[in-house]
Amino acid sequence: MGVRRARRRVAGAMLSSILRGMAAGAAGTTALNAVTYLDMVWRGRPASSTPEKTVETLSEKTGLPVPGDEERRGNRVSGLGPLMGLLTGVCVGAGYGALRGLGWRPSVPVAGLVTGVAAMAGSSAPMTLLGITDPREWSAADWASDVVPHLAYGLVTAGTYAATTS
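In short, a report on the structure. (Residues numbered from 1 in each chain as written. Predicted model: local features only at pLDDT ≥ 70, side-chain atom pairs only at ≥ 80, totals over all residues. Heavy atoms only, no water.)

Comments concerning the packing of helix H1 (residues 2–43) against helix H5 (residues 140–164)
Between H1 and H5, the shortest axis-to-axis distance is 7 Å and the interhelical angle comes to 145°. Crossing of H1 over H5 shows right-handed handedness. Considering only residue class, the contact of H1 with H5 consists of twelve nonpolar, eleven polar and three charged. (Axes fitted to C-alpha atoms, helices over the stretch in contact; angles between N-to-C directions. Helix = DSSP H or I, 4+ residues; strand = E, 2+ residues; numbered from the N terminus. Left-handed = near helix turned anticlockwise from the far one by under 90°. Nonpolar A, V, L, I, M, F, W, Y, C, P; charged D, E, K, R; others polar.)

Looking at the packing of aromatic side chains
As enumerated under the stated definition, the model contains three aromatic pairs in all. The interplanar angle of 90° and the centroid separation of 5.3 Å between the aromatic rings of Tyr96 and Tyr161 together place this pair among those described as edge-to-face. One end of the pair, Tyr96, is in helix H3 (residues 70–101); the other, Tyr161, is in helix H5, and 65 residues separate them in sequence. For Tyr96, a relative accessible area of 3% gives the class buried. Chaining the aromatic ring pairs together yields one cluster made of Tyr96, Trp104 and Tyr161. (Phe/Tyr/Trp six-rings, centres within 6.5 Å; stacked < 30°, edge-to-face > 60°. Buried < 20%, exposed > 50% of the residue type's maximum accessible area, 1.4 Å probe, protein only.)

A word on the side chain of Thr157
For Thr157, the location among the structural elements is in helix H5. In this structure the side chain of Thr157 is engaged in a polar contact, spanning 3.4 Å, whose partner is the backbone oxygen of Ala24. Every residue in contact with Thr157, bar those within four places of it in the chain, is listed here: Ala24, Gly25, Gly28, Gly93, Tyr96 and Thr115. (Polar contact = N/O pair within 3.5 Å; in protein donor to acceptor, adjacent residues only side chain to side chain. Contact = heavy atoms within 4.5 Å.)

So, the layout of surface pockets
Rolled over the atoms, a probe sized like a water molecule indicates the empty space that remains. Approximately 1,100 Å³ is the volume found for the largest pocket. What lines the largest pocket is a set of 38 residues, and nearest its centre among them are Ser48, Thr50, Pro51, Met127 and Asp146. Of all the secondary-structure elements, those providing two or more residues to the lining of the largest pocket are H1, helix H2 (50–62), H3, helix H4 (108–129) and H5. If one sorts the elements of the lining of the largest pocket by residue count, H3 sits on top with eight residues. Its residues assigned to classes, the lining of the largest pocket shows 17 nonpolar, 16 polar and five charged. (1 Å grid on protein atoms, 1.4 Å probe; cavity = no way out; pocket = protein on both sides within 12 Å on 5 of 7 lines; lining within 4 Å. Points joined across faces, edges and corners; volume = space filled by probe spheres on them.)

Here's the deal with the environment of Gly95
With respect to the element layout, Gly95 can be found in helix H3. Accessibility expressed as a relative area gives 32% for Gly95, which makes it partly exposed. Residues Gly95 and Gly21 lie 74 residues apart in sequence; the distance between their C-alpha atoms is 7.1 Å.

Re the pattern of salt bridges
The tally for this structure, following the rule as stated, stands at four salt bridges. Arg43 serves as the salt-bridge partner of Asp39, at 2.7 Å between the closest nitrogen and oxygen. Of this pair, Asp39 and Arg43 are both found in helix H1, four residues apart, which corresponds to roughly one turn of the helix. On the accessibility criterion, Asp39 (18% relative accessible area) is buried. For Arg43, a relative accessible area of 40% puts it in the partly exposed group. Here Asp39 and Arg45 are joined by a salt bridge, their closest N and O atoms 2.5 Å apart. (Salt bridge = Lys/Arg side-chain N within 4 Å of Asp/Glu carboxyl O.)

Written out as structure tokens, the structure reads:
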């Protein structure tokens, strides 16, 4: 009985870490979006079209069409792009929570940097592999537009997780 209880306790603690990581990742995604929108306002730049291009390319490559007439399909693609970003943020947060559950204990700044880089890789790598973007061709402004929001994501994710730890 004692071994089973101990296993359940460990599994429960890990699940708790993952769920806190998911919530922290959602908070981090909100920070990423806020920083991105502030950058758009500050520089007067348009929103990125890469999320929608990613949806279109995935639809083509998988043979899974986005349903609807031209207008509704376009609206769905416009909604699916940001949802993919939210999913990435929550999943990276879950991974962060799992690492914390396994004993990883860096400082919030270090954890924020690592988590921000993981989120940036989690969003940019698939788009690079699909041929939608090529970071080797990005300008300094392009890099700043990607790095700064992802660092905000990482710091808010790590800070939020730390705030939920008893």
